[in-house]
Amino acid sequence: MAIVVGVDVGSLCTKTVILDGDGEILSYDIMRSGHYYKGAADESIENALKSAGLKKGNISYILGTGYGRGAVARADAEVTEITCHARGAARLFPDVHTVIDIGGQDSKVIGIGDNGRVTNFVMNDKCAAGTGRFLEVMALALSVDIEEMGDLFFASKKKADVSSMCTVFAESEVISLFAQGHKKADIAAGIAHAIARRIIGMVGQVGLREKVVMSGGVAKNAGVVRAIEERIETRLFVPLEPQIVGALGAAIIASERMSTTIG
Amino acid sequence: MDVKYKINRLQTTNEIRPLVDKHWADLRTAKERGELVAWASGPSFIFAYAMGMKCHFMAGYAAYCGGIGAGEEVLKVAEMAGDLPETCSYHRLHMGMGEAVARGIPINPQAILPMPDLMVAGRLCPEMSHYAEGLHRRFGVRVLPIDLPGPYSMEDLPRIREFVYRQFKEVVIPTFEEVCGKPFDYDRMSEILRVLKEVAILRNKCWEFFKDKPSRWTLWDYGVSIAPVFYLMGNPAGVTYYEKLLRELQERREKGIPAIAPDGEKYRLYWDGWLPWAFLGKFMRKFIPNGAVVLCGRYPWEFFPHPELIDPEHPVESWADLYYGMESHLTYSFSPKGTINLIGELIKDYSLDGLIMFSSKTCRVMNLAQPEVMDVLDKKYGIPGVIVEGDMIDSAMISDAQIETRLQAIFEMIDSRRR
């Protein structure tokens, strides 16, 4: 049985997906990347192997992706997260045409054609506005766990306006909103809409085509998902585990390359 | 097995550096010899050359600073003096140099230029006005602003051509006569245009070698070789340089030598926007190992697509026609519609696989409509593109990992379309 592994080494989290010879997911792992990407990649693969009851010797092919893709020591190949997210999303939602991926330090919108093929894409530039890191800083400013942010969105009666796109300025804006007497939930809703505002410009550049899938850690925040849905007036489809979409795509490509090599 | 791609360096391009260095050394020492100095932005430097002034062109100085690795330290001086990092890095570079001299801040001596007796500010964009205003206000430079509007459509060209021509005749030439204290030297301008015509025709013959599959050279070589049609305009050494380059390219064709070893390129690319002067090597090291060659671009194409139209017998008229004439329509190619037409032709002529849209963070005018242009061209020709953010010289605007990912992604997109 050909076991293939996709590893997505992101700026905040490292994700691993293991597929069997039939392309079925045997296991996956998500862990913080920390400061030592090579170690994180090794550990994440180890964790996923353990969950699947496999050993390193069982692996036929490893494909690395994400910003730290060069740190996957045993990788047979590397592919960008753009291609991997597209392939992963197309596997989970075959009729997907747009992927919105918001990860730890970057956000991207990917246009998808037939067979998960990337037609065009836009990524954020050097600024981390509207990314997972932005959300983390905002959670700290609100003194809530990041997981609570989504729930707070739905408790909001009247969202506060968070106009700043800059992570640093948005943090000070949150503090002044508190000073003005705005409620925590309303500020959380404002933050979600600030992220959505950042994303819709990118969606506009790529061109919105349904079905739209959202991936990445920020997709776990139901408030942000809803805010984006409201702005683009389109339903977003979120996988059960949105963080592993890139690693899944990497594993799918690994599987194809294995077949080509063997064939 | 993965192919190990490697650049086949051209020998002739090594010969450009002494020419360039001499130009800048002459400019640096001009005042010591009692010569007048001009600075220019836009196509006005030819008037200074015709009057025997030493002159530099805004982008040329940026390219030179990039080449000698002085850009960063000069930009830092500008920022220290209060220039905002978001403003045009060409502007900041000149302000930084001026401030370094005025305040006695040590910078690379090769980057220090004498302040000009006249600055001709060809206003192609709003920042050019600030640039000229800054030079006047901060350093007391005499500034002659002229307007160089961009045409939206071909129909705009005749009236803009007339407007620009009248500025040349009624404002630019009289001002140079006043500054230099002598009548304008039309004969010298004609001679400069004769040499330019010869050099540019040779250069365009070299440009044809980009059509070869595999290509015989890269746009980076072309960028390095820009000076003879740019600030070395009128220098006969440019003819010798391009004759030699043409011979080397012909020899490569005869012997089947590609721009990159072992067997030529895997990806043939277009480059939009400015050339990243300070980062040519950085980008080259990202392209070549992937088997990618950048073959053509909008900015290098500007020098000069139709040199056969140059008429040295009517120098001022011809100079206006070169930029704004209906036949040459050079400036039209910088409008969104013109850009689409130009790139469409390049896609066909140069068998391009992808478009790299270099988006300079500090030069909005060059980036306008890039996403729309990319979209239209993809729909029409099925050629993917990617926007790569960066800057001509400011490394603060460059993110290595992000550039790497974007370039890798377009290579993957091209691969997937081929399958």
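Residues numbered from 1 in each chain as written. Chains lettered and ligands numbered in written order. Predicted model: local features only at pLDDT ≥ 70, side-chain atom pairs only at ≥ 80, totals over all residues.

**What about the environment of Cys-127 of chain A?**
At step 1: Relative to the elements of secondary structure, Cys-127 of chain A occurs in the loop between strand S8 (118-123) and helix H3 (132-142).
At step 2: For the pair formed by Cys-127 of chain A and Glu-78 of chain A, sequence separation is 49 residues and the distance between their alpha carbons is 25 Å. (Helix = DSSP H or I, 4+ residues; strand = E, 2+ residues; numbered from the N terminus.)

**Some thoughts on the environment of Arg-103 of chain B**
At step 1: Here Arg-103 of chain B lies in helix H5 (residues 89-103).
At step 2: For Arg-103 of chain B and Ile-226 of chain B, which are 123 residues apart along the polypeptide, the C-alpha to C-alpha distance reads 33 Å.

**Thoughts on the domain arrangement of chain B**
Residues and elements named next belong to chain B.
At step 1: We note that the domain assignment places domain 1 (14-186) and domain 2 (188-418) within chain B.
At step 2: Measuring from the centre of the C-alpha atoms in domain 1 to the corresponding centre in domain 2 gives 23 Å.
At step 3: With 45 residues of domain 1 at the interface, the matching set in domain 2 holds 41 residues.
At step 4: Taken together, the elements giving at least two residues each to the side of domain 1 that touches domain 2 come down to helix H1 (16-28), helix H2 (45-50), strand S3 (54-57), helix H3 (58-68), helix H4 (71-80), H5 and helix H7 (157-180).
At step 5: The residue inventory of the side of domain 1 that touches domain 2, partitioned by class, reads 29 nonpolar, 10 polar and six charged. (Domains from an automatic or database assignment. Contact = placed C-beta atoms within 7 Å. Nonpolar A, V, L, I, M, F, W, Y, C, P; charged D, E, K, R; others polar.)

**Examining the interface of chain B and chain A**
At step 1: Residue-level contacts link 14 residues of chain B with 13 residues of chain A.
At step 2: Elements with a minimum of two residues in the side of chain B that touches chain A: helix H16 (370-381) and helix H17 (400-418) of chain B.
At step 3: A total of nine residues in the side of chain B that touches chain A trace back to one element, the largest contributor, which is H17 of chain B.
At step 4: Here the side of chain B that touches chain A is composed, by residue class, of five nonpolar, five polar and four charged.

**Quick look at the domain arrangement of chain A**
Residue and element names in this part refer to chain A.
At step 1: When its domains are assigned, chain A resolves into domain 1 (1-93 + 241-263) and domain 2 (95-238).
At step 2: Once you take the C-alpha centre of each, domain 1 and domain 2 turn out to be 26 Å apart.
At step 3: Listed as interface residues are 15 residues of domain 1 and, on the opposing side, 26 residues of domain 2.
At step 4: Per-element accounting of the side of domain 1 that touches domain 2 gives the leading share, seven residues, to helix H2 (residues 81-92).
At step 5: Tallied by class, the residues present in the side of domain 1 that touches domain 2 amount to nine nonpolar, five polar and one charged.

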